[in-house]
Amino acid sequence: MSEPRVVHVVDDEEAIRRSAGFLLRTAGFTVHAYESGLAFLKEAKRVDPGCVLLDIRMPDLDGLEVQRQMVEHGIALPVIVLTGHGDVQSAVTAMKAGAIDFLEKPFEKARLLDALAKGFEQLDRGHQADVSAKEAEVRLAALTPRERDVLVGLVQGHPNKTIAYDLG
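Residues numbered from 1 in each chain as written. Predicted model: local features only at pLDDT ≥ 70, side-chain atom pairs only at ≥ 80, totals over all residues. Heavy atoms only, no water.

Overview of the environment of glutamate 104
Short version of the rule: Secondary structure elements follow DSSP: runs of H or I no shorter than four residues count as helices, runs of E no shorter than two count as strands, and numbering proceeds from the N terminus. What makes two residues a contact is simply this: any of their non-hydrogen atoms within 4.5 Å.
Position of glutamate 104 among the secondary structure elements: in strand β5 (residues 101-104). Remark: the alpha-carbon pair of glutamate 104 and aspartate 87, spanning 17 residues in sequence, is separated by 9.7 Å. When near neighbours in sequence (up to four residues on either side) are disregarded, glutamate 104 contacts Thr83 and Gly86.

Listed below in structure tokens is the structure:
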């Protein structure tokens, strides 16, 4: 890891925030802890890109609702669900909403680190796609109007001869 990876720990239990935070910091991660889903959502648009370790059962707003609101507001951070009271329905709901993994407390360090590796892989792919899209925008903006006309013909699947004939 060249730059520290950020993990956002969202759990209402202080003991879990501290123990998970300690484990993650000793593994080389930067950790930001939030005591509730509401506290995280208030900051979510401005947080450093990273993975979210999200508890399901919390007062006020449960983890599944936090995950739903993240998707609704376009907060594309990978989510790893953590719960002490896992059930099949919650797991299915979390995974359908895009969770990377569903871990039960107490969690195994190796399994958590594996889930985080998958989350950061997904985050890196998304970042690379953003970079590629911006590069494409720059290249398209540099085209002359005539080159854009040719490109439109190519996108429509026309062969070069047909485009040349159509454009005169």
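With respect to the sheet that holds strand β2 (residues 29-34)
Our working definition: Whether two strands pair depends on DSSP finding at least two bridges between them. In this analysis, axes come from line fits to C-alpha atoms, helices being fitted only over the stretch in contact, and the angle between any two N-to-C directions falls in the range 0 to 180 degrees.
The sheet built from 5 strands is open, its strands ordered β2-β1-β3-β4-β5 with parallel pairing. Two strands lie at the open edges of the sheet, namely β2 and β5, each paired on one side alone. Taken over all neighbouring pairs, the strand axes of this sheet differ in orientation by 20 degrees on average, direction set aside. In this structure, strand β3 (residues 50-55) lies alongside strand β4 (residues 79-83), joined through 4 bridges in parallel fashion. Directly across from aspartate 55, in β4, lies its bridge partner leucine 82. Contacts from helix α3 (residues 63-72) reach β3 and β4 within the one sheet, and its direction differs from that of β3 by about 145 degrees. Contacts between helix α4 (residues 88-96) and the sheet are confined to β4 and β5, with β5 contributing the most and set at about 145 degrees to the helix.

Side note on the pattern of salt bridges
For clarity, the threshold we go by: Salt bridges are defined by distance alone: a side-chain nitrogen of Lys or Arg within 4 Å of a carboxyl oxygen of Asp or Glu. Burial classes: relative accessible area under 20% of the type maximum marks a residue as buried, over 50% as exposed, and values in between as partly exposed (1.4 Å probe, protein chains only).
Per the stated rule, a full pass over the model turns up 8 salt bridges. Residues lysine 105 and aspartate 11 are paired through a salt bridge, measuring 2.9 Å at the closest nitrogen-oxygen approach. One end of the pair, lysine 105, is in the loop between β5 and α5 (109-141); the other, aspartate 11, is in the loop between β1 (5-10) and α1 (14-26), with 94 residues separating them in the sequence. For lysine 105, a relative accessible area of 18% puts it in the buried group. Judged by its relative accessible area of 1%, aspartate 11 falls in the buried class. We note a salt bridge from glutamate 65 to arginine 68, for which the minimum N-O separation is 2.5 Å. Remark: arginine 68 and glutamate 65 occur in helix α3; sequence separation between them is 3 residues, near one turn of the helix. Each of Asp11, Glu13, Asp55 and Lys105 takes part in salt bridges that share partners, so that together they form one network.

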